[in-house]
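A closer look at the structure
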Amino acid sequence: MTDRPASQLDRGSFYRFPRCCVAPIGLLFALALAGCDKKAQSQEAAPTPPLVTVAQPVKRTVTDWDEFTGRFEAIQEVQVRARVGGFVNSVEFTDGAIVHAGDLLYIIDPRPFEAVASQAQGQLDDARAKAELAKRELDRGLNLVQTSAVSVQVVDQRRQALQAAYAAETQAEGALKAAQLNVEFTHVLAPITGRVSRHLVTPGNLVQGADSGATLLTSIVSLDPIYIYFDVDEATYQRNSRLWFEGKRPSSRDASNPVQVTLTGEIKPSHEGKMDFLDNRLDISTATLRSRAIVPNKDLSILPGQFGRVRIIGSSPYEALLIPDTAIATDQSRKIVFVVKDNTVDVRPVMLGPLDGGLRVIREGLMPEDQVIVDGLQRARVGAKVTPKKAQAPADDKAPAGAKP
């Protein structure tokens, strides 16, 4: 039997070797790859904590303000009506212009009244002449009665005639004054200073005087200063009354408490005024007290009928913590803020006060050292880790960003 070459033996041995060793080597590769995957997964499962901006509450002295909706009304409002009847000759003002007391508005045809005034002047002159004649006759009678040239009865008659002449003179004087007033009333003047409305009667129309239903010609409203009326609810009135009894706030009945007014479309008060009036009883249908403030209106920008938000002092000054209003969230029926302690998010229920200088007063729930999340609320989860970043300090303590006290 012939032996096989060594090369063939080696080749056969090589072909038989993988059948017993390939499986263990593949397993080692699989395990190595699995280990790499687990390491990558562990790295993906631990992302960097989200970034949030935090700030400490601002601490400062504040004063609460009660806010109400009010409506502006003119201090003076006049309906200009014709005081004498006649045809309108001309309109002497521009619709919507500012007029001053005494400015000419309308001219009513004065000729009929001037004729009556002339007639009254003639009657007065006649009465004066008769009175003068009666006086001279009485003087003659007094001289003649001393010599018994005339009787005492004649003197008495002449004295009575003089008194009647004086009475007629007085009547004539009154008629002349009335006629002159009618002539004066044909020139319709502005009774107050303010803004005039449009003209309601054009030239050529007949107007009625005061004796037969005076015709409305136009209207004038004063603008500077101006009233704003608002209604105070009963609870606020009671609270302010307690503050007054405790000596913490002056009563608006006795003192001109300051008010601030915000017009429609404004975000902060633009006008300041003072309290002017409190009604003597509450409205039984609304349980509110009618109140009034007077507001300067130098630029005449406010018109009667406008709405405005009225702020009036509602407390004595006190120390308070304030945070940006955007840092406050709502959890069902309560207000909450998120704080960061040891890089972990926590939640604090808070009791809110009014806005002051763009910041919200926090009455309860926060401490001065708390780190409040003011930006990044959507990335905050209670109990989760975060990366806090300090908010930049504002230029002053009334800026909306949170700042250290």
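One can find the structure itself at the top, above this paragraph.
A short tour of the structure in this document, coming up. (Residues numbered from 1 in each chain as written. Predicted model: local features only at pLDDT ≥ 70, side-chain atom pairs only at ≥ 80, totals over all residues. Heavy atoms only, no water.)

Some points on the overall build of the protein
A count of helices and strands for the protein gives five helices and 23 strands. Residue burial in the protein is summarised as follows: out of 405 residues, 34% are buried. Sequence-distant contacts, at least 24 apart, represent 75% of the contacts inside the protein between residues at least 6 apart. Total accessible area on the protein is roughly 24,700 Å²; 54% of this is exposed by carbon and sulfur atoms. (Helix = DSSP H or I, 4+ residues; strand = E, 2+ residues; numbered from the N terminus. Buried < 20%, exposed > 50% of the residue type's maximum accessible area, 1.4 Å probe, protein only. Contact = heavy atoms within 4.5 Å. Areas by Shrake-Rupley, 256 points an atom, 1.4 Å probe, with all protein chains shown as cover.)

Observations regarding the nonpolar core
Proteins that are soluble and globular tend to have nonpolar side chains buried together. Within the largest apolar cluster, 19 residues are counted, with the highest numbers of intra-cluster contacts made by Leu105, Tyr106, Val207, Leu217 and Ile220. Of all elements in the fold, only strand 7 (104-108) and strand 11 (216-221) reach the threshold of two or more residues within this core. For this core, the leading source of residues is strand 7, giving three residues. Among residues more than four places away in sequence, those in contact with Leu105 are Val80, Ser90, Val91, Glu92, Phe93, Val99, Val188, Leu189, Ala190 and Ile220. The next biggest cluster of nonpolar side chains, apart from the first, holds 17 residues, and it includes Ile226, Leu263, Leu289 and Ile312. (Core = buried A, V, L, I, M, F, W, Y, C linked by side-chain atoms within 4.5 Å.)

Observations regarding the packing of aromatic side chains
Tallying each qualifying case throughout the model produces four aromatic pairs. Arranged with centres 5.6 Å apart and planes meeting at 20 degrees, the rings of Phe68 and Phe230 form a pair that is stacked. Taken together, the residues Phe68 in strand 3 (residues 65-74) and Phe230 in strand 12 (residues 226-233) connect sequence positions 162 residues apart. Seen from their ring centres, Trp244 and Phe245 are 4.8 Å apart, and the 50 degrees between their planes marks the pair as tilted. Its relative accessible area of 38% is what places Trp244 among the partly exposed residues. Between Arg83 and the ring centre of Phe185, over which it is positioned, the NZ or CZ distance is 3.9 Å. The cationic tip of Arg292 hangs over the ring face of Tyr227; the distance from NZ or CZ to the ring centre is 4.0 Å. (Phe/Tyr/Trp six-rings, centres within 6.5 Å; stacked < 30°, edge-to-face > 60°. Lys NZ or Arg CZ within 6 Å of the ring centre and 35° of its normal.)

Some thoughts on the layout of surface pockets
As a volume, the largest pocket reaches approximately 610 Å³. Every residue lining the largest pocket is counted, 17 residues in all, and those nearest its centre are Ile267, Pro269, Arg311, Leu355 and Gly357. Contributions of two or more residues to the lining of the largest pocket are made by strand 3, strand 13 (258-263), strand 16 (307-313) and strand 20 (344-356). In terms of lining, the second largest pocket is formed by 19 residues, of which the most central are Tyr237, Asn240, Arg249, Ser251 and Leu278. Of all the secondary structure elements, the ones that give two or more residues to the lining of the second largest pocket are strand 12, helix 5 (234-245), strand 14 (271-283) and strand 15 (288-295). Of the residues in the lining of the second largest pocket, the class split is 10 nonpolar, six polar and three charged. (1 Å grid on protein atoms, 1.4 Å probe; cavity = no way out; pocket = protein on both sides within 12 Å on 5 of 7 lines; lining within 4 Å. Points joined across faces, edges and corners; volume = space filled by probe spheres on them. Nonpolar A, V, L, I, M, F, W, Y, C, P; charged D, E, K, R; others polar.)

Overview of helix 4 (residues 152-185)
Compared with an ideal rise of 1.5 Å per residue, which puts 34 residues at 50 Å, helix 4 spans 50 Å between its outermost C-alpha atoms and is within 8% of the ideal. For helix 4, the complete set of buried residues consists of Val155, Leu162, Ala165, Glu169, Ala172, Leu176, Ala179 and Phe185. (Expected span 1.5 Å × (residues − 1).)

Points about the sheet that holds strand 11
Strand order in the open sheet formed by four strands is 4-11-9-6, with antiparallel pairing between adjacent strands. The open sheet has two edge strands with one neighbour each: strand 4 (77-81) and strand 6 (98-99). In the sheet, strand 6 pairs with strand 9 (residues 194-196) via two bridges, with the strands oriented antiparallel. Bridge pairing links Ile98 to Arg195 in strand 9. (Pairing = 2+ DSSP bridges.)

Let's talk about the environment of Gly96
The residue Gly96 is located in the loop between strand 5 (86-91) and strand 6 in this model. Counting along the chain gives 123 residues from Gly96 to Ser219, while the straight-line C-alpha distance between them is 10.0 Å. Other than its neighbours up to four places away in sequence, Gly96 contacts Arg195, Val196 and Ser197.

Some points on the pairing of strand 11
By the bridge criterion, five bridges tie strand 4 to strand 11 in an arrangement that is antiparallel. Each residue of the ladder has a partner; that of Arg81, found in strand 11, is Leu216. Here strand 9 runs beside strand 11; their pairing, made up of two bridges, is antiparallel. Directly across from Arg195, in strand 11, lies its bridge partner Val221.

A few points about helix 5
Between the first and last C-alpha of helix 5 there are 16 Å, a value that for 12 residues agrees with the 16 Å anticipated at 1.5 Å per step. Buried residues of helix 5: Thr236, Asn240, Ser241 and Leu243, and no others. Looking down the long axis of helix 5, one finds its buried residues gathered within 160 degrees of arc, a one-sided arrangement. Across helix 5 from its buried face, at more than 90 degrees, point the exposed residues Ala235 and Phe245. Looking at the buried residues of helix 5, the elements they touch are strand 3 and strand 12. If you check the start of helix 5, you find a side-chain oxygen 3.3 Å away from the backbone N of Ala235, and it comes from Asp233. Just downstream of helix 5, Gly247 is the residue with a positive phi angle, here 75 degrees. (Arc of directions from axis to C-beta. Polar contact = N/O pair within 3.5 Å; in protein donor to acceptor, adjacent residues only side chain to side chain.)

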